[in-house]
Amino acid sequence: MAIMNGDSTEIQAPVLHKEKVLDHKNALEVLKNEYPDRDGIDVKTLLDSKNNGGLTYNDFLVLPGYIGFPASAVNLDTPVTKRITLKTPFLSSPMDTVTEHNMAIHMALLGGLGVIHHNCSADYQAEMVRKVKRYENGFILDPVVISPTTTVAEARALKEKWGFGGFPVTENGTLRSKLVGIITPRDLQFHDDASDPVTKAMSTDLVTAKTGITLSEANAILSQSKKGKLPIVDENYNLISLLSRSDLMKNVNYPLASKLPQSKQLIAAAAIGTRPDDRKRLAKLVEAGLDIVILDSSQGNSVFQLDMVRYVKATYPGLDVIGGNVVTREQAAALIEAGVDGLRIGMGSGSACITQEVMAVGRPQAASVHSVSTFAARFGVPCIADGGVQNVGHIVKGLALGASTVMMGGLLAGTTESPGEYFVSREGQLVKAYRGMGSIDAMEDKKAGVGSANPNDPKASNAGTARYFSEGDKLLVAQGVSGSVLDRGSVTKFVPYLMAGVQHSLQDIGVQSLTELRQGVVDGFVRFELRTVSAQAEGNVHGLHSFDKKLYA
Ligand code: IMP
């Protein structure tokens, strides 16, 4: 067809196809009748290791589908064990630079789960489990408490260190000891002699509330009292917890919080090893209220772990046990038969891990996740894709390949809720320590400023050596490194970002829940594409002189 333009030159219409051009109204009909296979490849073809090798997350992409719903309508409910379902698929690793009680509490509040590490004494770990179980939104369960002999100068230094004032003073200087007063920022400001004990400056006209009070009742008392803090005491006037006026405004609800049905308490999960001593440790954790135990081993298919699974199931029928780590069907089958309620998948994919390099053993993570989780699904056993997650895309890929949840170490180690203090790196950036549990530092339990081990009993357990079977060895063979990660702010912002990211991704794929995603992959409805090295380069920022990678606002 020829068209004349303004100066009467003839323009040829573009020839798109040698055949007859079809009516646009028939596009969907033609697609249906003449293209029986959807575009892209199905998961089996993708993970065909004979042709494609062992793939990992960066080696493929998920193809987009049809968006017919808002991202906020995407449901992320997912099982973590046979019996327990979470509202978001995020877990934090049992590592001493990642998960202690503070991380566990916040992960659970945000709908995920933090698995408390075991590189500390059993008592210290049990105390952390107790803190998770006792947590009530708004009540500070481990306030900074000082003793009557603390000086005004020391209290001022504490105020500087913590960034807040208002410390309860108790007879022993600890929680659960008799409350004698509160030293407020104003008391500190106007007291002349800094060498005086705080008892000379503190306020003693206290308004307190009895333990058992609800948050809204306590908030009402705090508002009326015009005080900065409301100490919660037991019948003997021992300090149990504290409510702070500055938190009053922040007492948001956490509608996704991980709780068991009919329970107001957060779900607590912790890791243990498989040595005989770990049975005693487990008894303490169960007494503290543990709901899920993770048997922490880099190679879970061992006589020790199989024995431990049977022991746990026989001794604590109410406790869910997650076995691992595994990367093959054969490893998984042994643990499933022994009775695990969940599996943890990954060997050598962790960001601080050198297992594959040193031991020549392991498997690329995408291949592991697909192989194990498709097998485990036949027995109703949910799987955790553990390690190697660097971004939201990796999370979605792990879930698309069959995992029910993902576990992250390095990605969460730089948050406010992880153990340890921030420090400034040589390059001038704010960082936190992060180390593999099989690093020499962790195996020797060197503290590296991570604030992990029980200060009273730092050598009570070396989870590192337990996890990597090196106990009794003269020479420790490292399977991990020790380093640092960049500051990521608080998980209260970061986890919602991950959640929104996953929801948007599922919206792009065209599935409205994780269940639909899994089913879509099995049915061949959700399609994939392999990614060459140049496709990977194309999919990342390229060609810019400089850029700032800000992930959320
Ligand atoms: P990341 O999220 O990639 O940093 O990986 C975290 C995971 O790495 C953990 O959940 C463990 O499974 C694994 N891991 C922790 N420490 C070590 C180690 O020292 N060597 C190998 N793997 C480790």
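These lines cover the structure that appears in this document, whether it is placed above or below. What you are looking at is a predicted structure, and each value in this text was computed from that prediction instead of being measured. (Residues numbered from 1 in each chain as written. Predicted model: local features only at pLDDT ≥ 70, side-chain atom pairs only at ≥ 80, totals over all residues. Heavy atoms only, no water.)

Let's talk about the pattern of salt bridges
Considering all chains together, one arrives at 13 salt bridges under this definition. With its nearest N and O atoms 3.5 Å apart, the salt bridge here joins Asp 307 to Arg 310. Remark: Arg 310 and Asp 307 occur in helix H11 (residues 303-315); sequence separation between them is three residues, near one turn of the helix. A salt bridge links Arg 344 to Asp 386; the nearest nitrogen and oxygen atoms lie 2.9 Å apart. Note that Arg 344 is positioned in strand E16 (residues 342-345) and Asp 386 in strand E17 (residues 383-386), a separation of 42 residues in sequence. Comparing Arg 344 with Asp 386, the two get one shared label, buried. Residues joined in a network through salt bridges with shared partners are Glu 127, Arg 130 and Arg 134. (Salt bridge = Lys/Arg side-chain N within 4 Å of Asp/Glu carboxyl O. Helix = DSSP H or I, 4+ residues; strand = E, 2+ residues; numbered from the N terminus. Buried < 20%, exposed > 50% of the residue type's maximum accessible area, 1.4 Å probe, protein only.)

What to know about the side chain of Lys 397
Its place among the elements puts Lys 397 in helix H15 (residues 392-400). With sequence-adjacent residues up to four places away left out, Lys 397 is seen in contact with Tyr 57, Asn 58, Phe 60, Leu 61 and Arg 531. (Contact = heavy atoms within 4.5 Å.)

Focus on the packing of H15 against helix H20 (residues 514-523)
Contact pair H15 / H20: the axes reach a minimum separation of 9 Å and the direction vectors enclose 60°. Looking at the two axes, H15 sits oblique to H20. On H20, the residues that touch Val 396, Leu 399 and Ala 400 of H15 are Leu 514, Leu 517, Arg 518 and Val 521. (Axes fitted to C-alpha atoms, helices over the stretch in contact; angles between N-to-C directions. Parallel < 35°, antiparallel > 145°, perpendicular 65-115°, else oblique.)

Regarding the site of the ligand
Near the ligand, the surroundings consist of 24 residues, among which Ser 351, Asp 386, Tyr 434, Gly 438 and Gln 479 are the closest. A distance of 2.8 Å separates an oxygen atom of the ligand from a polar atom in the backbone of Gly 410. Residue Gln 479 places a main-chain N or O atom 2.7 Å away from a nitrogen atom belonging to the ligand. Isolated, the ligand exposes 500 Å² of accessible area, and the fraction of that covered by the protein chains is 96%. Among the residues forming the shell around the ligand, the class breakdown is seven nonpolar, 14 polar and three charged. (Near = heavy atom within 4 Å. Polar contact = N/O pair within 3.5 Å; in protein donor to acceptor, adjacent residues only side chain to side chain. Areas by Shrake-Rupley, 256 points an atom, 1.4 Å probe, with all protein chains shown as cover. Nonpolar A, V, L, I, M, F, W, Y, C, P; charged D, E, K, R; others polar.)

Description of the pairing of strand E12 (residues 239-244)
Burial runs high along E12: six of the six residues are buried. Where strand E11 (residues 229-233) meets E12, five bridges bridge the pair, whose relative direction is antiparallel. Opposite Lys 229, over in E12, you have Ser 244 as the bridge partner. Connecting E11 to the next strand, E12, in antiparallel fashion are five residues, including Tyr 237 with a positive phi near 65°. (Pairing = 2+ DSSP bridges.)

Here we look at the sheet that holds strand E21 (residues 482-486)
Two pairing modes exist for strands in a sheet, parallel and antiparallel, and in both the strands are linked by backbone hydrogen bonds. A sheet is described by the order of its strands in space; here three strands give the open sequence E19-E20-E21, paired in antiparallel fashion. Of all the strands in the sheet, just strand E19 (423-424) and E21 have a single pairing partner and so form its edges. Across two bridges, the pairing between E19 and strand E20 (residues 430-435) is antiparallel. Residue Phe 423 lies in a different strand from E20, and its bridge partner there is Val 431.

Considering unusual backbone geometry
Along the chain, Gly 324 connects to Asn 325 via a cis peptide bond; the corresponding omega equals 0°. Mapped onto the fold, Asn 325 is located in strand E15 (residues 320-326). A positive phi angle, close to 60°, is found at Lys 226, a residue other than glycine. With respect to the helices and strands, Lys 226 occurs in the loop between helix H8 (215-225) and E11. Of the residues examined, Lys 226 reaches a relative accessible area of 73% and is grouped as exposed. A positive phi angle, close to 60°, is found at Ala 360, a residue other than glycine. With respect to the secondary-structure elements, Ala 360 resides in the loop between helix H13 (355-359) and helix H14 (365-377). With a relative accessible area of 70%, Ala 360 lands in the exposed category.

Thoughts on helix H4 (residues 101-109)
Where burial is concerned, most of H4 is hidden: eight out of the nine residues are buried. For H4, the complete set of buried residues consists of His 101, Met 103, Ala 104, Ile 105, His 106, Met 107, Ala 108 and Leu 109. Contact partners of the buried residues in H4: strand E6 (90-92), strand E7 (113-116), helix H5 (122-134), helix H16 (410-413) and helix H19 (491-509). Just downstream of H4 lies Gly 111, where phi reads positive at about 100°.

As for the sheet that holds strand E10 (residues 209-210)
Here three strands make up an open sheet; going across it, the order is E10-E11-E12 and the pairing mixed. The open sheet has two free edges, formed respectively by E10 and E12, since each of these has just one partner strand. Here E10 pairs with E11 via two bridges, running parallel. Opposite Ala 209, over in E11, you have Ile 232 as the bridge partner. The sheet strands contacting H8 are E10, E11 and E12, and the helix crosses E12 at an angle near 65°.

Details of the nonpolar core
Grouped together as the largest cluster of nonpolar side chains are 95 residues, with contacts concentrated most on Phe 90, Leu 343, Leu 517 and Phe 528. A total of nine residues in this core trace back to one element, the largest contributor, which is H19. Each residue touching Phe 90, except ones within four places of it in the same chain, is listed here: Met 107, Gly 112, Leu 113, Ile 395, Val 406, Met 408, Val 495, Leu 498, Met 499 and Val 502. By size, the runner-up hydrophobic cluster in this structure holds 14 residues, among which are Leu 113, Ala 269, Ile 292 and Met 407. (Core = buried A, V, L, I, M, F, W, Y, C linked by side-chain atoms within 4.5 Å.)

Here's the deal with the pairing of E11
Buried residues dominate E11, accounting for five of its five residues. The alternating pattern of E11 places Lys 229, Pro 231 and Val 233 on one face and Leu 230 and Ile 232 on the opposite face, and all of these are buried. Crossover handedness for the path E10 to H8 to E11: right-handed. (Right-handed = clockwise from strand over helix to strand, strands pointing away.)

Observations concerning the packing of aromatic side chains
Enumeration over the complete set of coordinates arrives at six aromatic pairs. Ring geometry for Phe 494 versus Tyr 497: centroids 5.8 Å apart, planes at 35°, classification tilted. Linking Phe 494 with Tyr 497, this pair stays in helix H19, spanning three residues, or about one helical turn. A single burial state applies to Phe 494 and to Tyr 497, both of which are buried. Their ring planes at 45° and their centres at 6.3 Å tell us that Phe 494 and Tyr 552 sit as a pair that is tilted. Separated by 58 residues along the polypeptide, Phe 494 in helix H19 and Tyr 552 in the segment after helix H21 (533-538) bring together distant segments of the chain. Its relative accessible area of 2% is what places Phe 494 among the buried residues. For Tyr 552, a relative accessible area of 29% puts it in the partly exposed group. By the ring-pair criterion, three or more aromatic residues cluster together here, those being Phe 494, Tyr 497 and Tyr 552. (Phe/Tyr/Trp six-rings, centres within 6.5 Å; stacked < 30°, edge-to-face > 60°.)

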